[in-house]
Amino acid sequence: MKLKLGVTLAGINLKMRPVLIAAEAIWTKFGSKLVVTSAAGGTHSAGSLHYYGYAVDLRTRNFTTAVAIDVTNALRKKLGDKYDVIHDGPHIHVHY
(Lines give C-alpha, C1' and ligand atoms only; values in the text may rest on other atoms or scores of the structure.)
Protein backbone atom coordinates (compact mmCIF):
# COMPACT_ATOMS: atom_id res chain seq x y z
CA MET A 1 0.00 0.00 0.00
CA LYS A 2 1.14 3.50 -0.84
CA LEU A 3 -0.06 6.85 0.43
CA LYS A 4 -0.50 9.82 -1.89
CA LEU A 5 2.03 12.52 -1.08
CA GLY A 6 0.78 14.42 1.97
CA VAL A 7 -1.68 11.74 3.09
CA THR A 8 -1.28 10.13 6.50
CA LEU A 9 -3.24 7.38 8.21
CA ALA A 10 -2.95 9.21 11.53
CA GLY A 11 -6.40 9.79 12.93
CA ILE A 12 -8.25 7.02 11.14
CA ASN A 13 -10.45 4.78 13.24
CA LEU A 14 -9.62 1.08 13.66
CA LYS A 15 -12.90 0.30 11.87
CA MET A 16 -11.09 1.34 8.68
CA ARG A 17 -8.37 -1.28 9.06
CA PRO A 18 -10.47 -4.04 7.39
CA VAL A 19 -11.00 -1.67 4.45
CA LEU A 20 -7.28 -1.26 3.89
CA ILE A 21 -6.58 -4.98 4.28
CA ALA A 22 -9.37 -5.98 1.86
CA ALA A 23 -8.47 -3.25 -0.63
CA GLU A 24 -4.80 -4.27 -0.65
CA ALA A 25 -5.78 -7.84 -1.61
CA ILE A 26 -8.33 -6.74 -4.22
CA TRP A 27 -6.00 -4.22 -5.90
CA THR A 28 -3.30 -6.92 -6.04
CA LYS A 29 -5.79 -9.37 -7.58
CA PHE A 30 -6.56 -6.79 -10.26
CA GLY A 31 -2.84 -6.23 -10.93
CA SER A 32 -2.38 -2.85 -9.30
CA LYS A 33 -0.84 -1.21 -6.24
CA LEU A 34 -3.28 0.28 -3.70
CA VAL A 35 -2.88 4.04 -3.22
CA VAL A 36 -4.77 5.82 -0.43
CA THR A 37 -5.53 9.33 -1.70
CA SER A 38 -7.32 10.67 1.38
CA ALA A 39 -7.98 9.65 4.97
CA ALA A 40 -8.66 11.82 8.03
CA GLY A 41 -6.83 14.87 6.71
CA GLY A 42 -7.51 17.12 3.76
CA THR A 43 -10.56 19.15 2.81
CA HIS A 44 -13.95 17.47 2.53
CA SER A 45 -17.60 18.45 2.59
CA ALA A 46 -19.11 19.66 5.86
CA GLY A 47 -19.85 16.73 8.16
CA SER A 48 -17.70 14.33 6.16
CA LEU A 49 -16.77 11.12 7.96
CA HIS A 50 -13.17 11.74 6.82
CA TYR A 51 -12.89 14.32 9.62
CA TYR A 52 -13.84 11.69 12.20
CA GLY A 53 -11.50 9.01 10.84
CA TYR A 54 -14.29 6.87 9.40
CA ALA A 55 -13.59 7.32 5.66
CA VAL A 56 -10.84 6.76 3.12
CA ASP A 57 -10.47 7.34 -0.61
CA LEU A 58 -8.68 4.77 -2.75
CA ARG A 59 -7.21 5.54 -6.18
CA THR A 60 -8.81 3.94 -9.24
CA ARG A 61 -7.43 6.09 -12.06
CA ASN A 62 -5.08 3.27 -13.06
CA PHE A 63 -8.11 1.07 -13.85
CA THR A 64 -10.48 1.31 -16.79
CA THR A 65 -14.00 2.36 -15.77
CA ALA A 66 -15.23 -1.21 -16.16
CA VAL A 67 -12.44 -2.61 -13.97
CA ALA A 68 -12.96 0.15 -11.37
CA ILE A 69 -16.61 -0.90 -11.14
CA ASP A 70 -15.56 -4.54 -10.71
CA VAL A 71 -13.09 -3.49 -7.99
CA THR A 72 -15.81 -1.45 -6.28
CA ASN A 73 -18.20 -4.40 -6.32
CA ALA A 74 -15.53 -6.80 -5.03
CA LEU A 75 -14.69 -4.44 -2.16
CA ARG A 76 -18.37 -3.88 -1.35
CA LYS A 77 -18.96 -7.65 -1.24
CA LYS A 78 -15.89 -8.27 0.95
CA LEU A 79 -16.71 -5.52 3.48
CA GLY A 80 -20.42 -6.17 3.91
CA ASP A 81 -23.26 -3.93 5.06
CA LYS A 82 -21.44 -1.85 7.68
CA TYR A 83 -19.42 -0.02 5.02
CA ASP A 84 -20.54 2.17 2.13
CA VAL A 85 -18.35 1.68 -0.93
CA ILE A 86 -18.88 4.31 -3.63
CA HIS A 87 -17.13 4.52 -6.99
CA ASP A 88 -16.52 8.24 -7.42
CA GLY A 89 -14.54 8.79 -10.63
CA PRO A 90 -10.80 8.70 -9.93
CA HIS A 91 -11.27 7.04 -6.53
CA ILE A 92 -13.45 4.77 -4.44
CA HIS A 93 -14.78 6.40 -1.29
CA VAL A 94 -15.34 4.01 1.62
CA HIS A 95 -16.88 4.96 4.94
CA TYR A 96 -18.06 3.12 8.03
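For the structure given in this document, a descriptive report is provided here. No experiment lies behind these values; they were computed from the predicted model shown.

For the rest of this paragraph, the subject is the sheet that holds strand β2 (residues 35-38). Strand order in the open sheet formed by five strands is β1-β2-β3-β5-β4, and the pairing between neighbours is mixed. Lying at the two open borders of the sheet, with one neighbouring strand each, are β1 (2-3) and β4 (84-88). Examined bridge by bridge, strand β3 (residues 55-59) and strand β5 (residues 91-95) share five bridges and lie antiparallel to one another. Among the inter-strand pairings, Ala55 is bridged to a residue of β5, identified as His95. Contacts between helix α1 (residues 17-29) and the sheet are confined to β2, β3 and β5, with β3 contributing the most and set at about 10° to the helix. Helix-sheet contacts for helix α2 (residues 65-79) involve β3, β4 and β5, and the interaxial angle to β4 is about 175°.

A few words now on the nonpolar core. Membership of the largest hydrophobic core comes to 22 residues, with the highest contact counts inside it found for Val19, Trp27, Leu58, Leu75, Leu79 and Val94. Going through the elements one at a time, α1, β3, α2 and β5 are the ones with two or more residues in this core. It is α1 that provides the largest number of residues to this core, a total of six residues. The contacts of Leu79, once residues within four sequence positions are left out, are Pro18, Val19, Ala22, Val85 and Val94.

Turning our eyes to something else, we now look at the packing of α1 against α2. Relative to each other, α1 and α2 sit at 140°, their axes nearing to 10 Å. Classed by the angle they form, the pair α1 and α2 counts as oblique. For the pair α1 and α2, the sense of crossing is right-handed. Contacts between α1 and α2 pair Pro18, Val19, Ala22, Ala23, Ile26 and Trp27 from the former with Val71, Ala74, Leu75, Lys78 and Leu79 from the latter. Considering only residue class, the contact of α1 with α2 consists of 10 nonpolar, no polar and one charged.

What counts and what doesn't
- Residues numbered from 1 in each chain as written.
- Predicted model: local features only at pLDDT ≥ 70, side-chain atom pairs only at ≥ 80, totals over all residues.
- Heavy atoms only, no water.
- Pairing = 2+ DSSP bridges.
- Helix = DSSP H or I, 4+ residues; strand = E, 2+ residues; numbered from the N terminus.
- Contact = heavy atoms within 4.5 Å.
- Axes fitted to C-alpha atoms, helices over the stretch in contact; angles between N-to-C directions.
- Core = buried A, V, L, I, M, F, W, Y, C linked by side-chain atoms within 4.5 Å.
- Buried < 20%, exposed > 50% of the residue type's maximum accessible area, 1.4 Å probe, protein only.
- Parallel < 35°, antiparallel > 145°, perpendicular 65-115°, else oblique.
- Left-handed = near helix turned anticlockwise from the far one by under 90°.
- Nonpolar A, V, L, I, M, F, W, Y, C, P; charged D, E, K, R; others polar.

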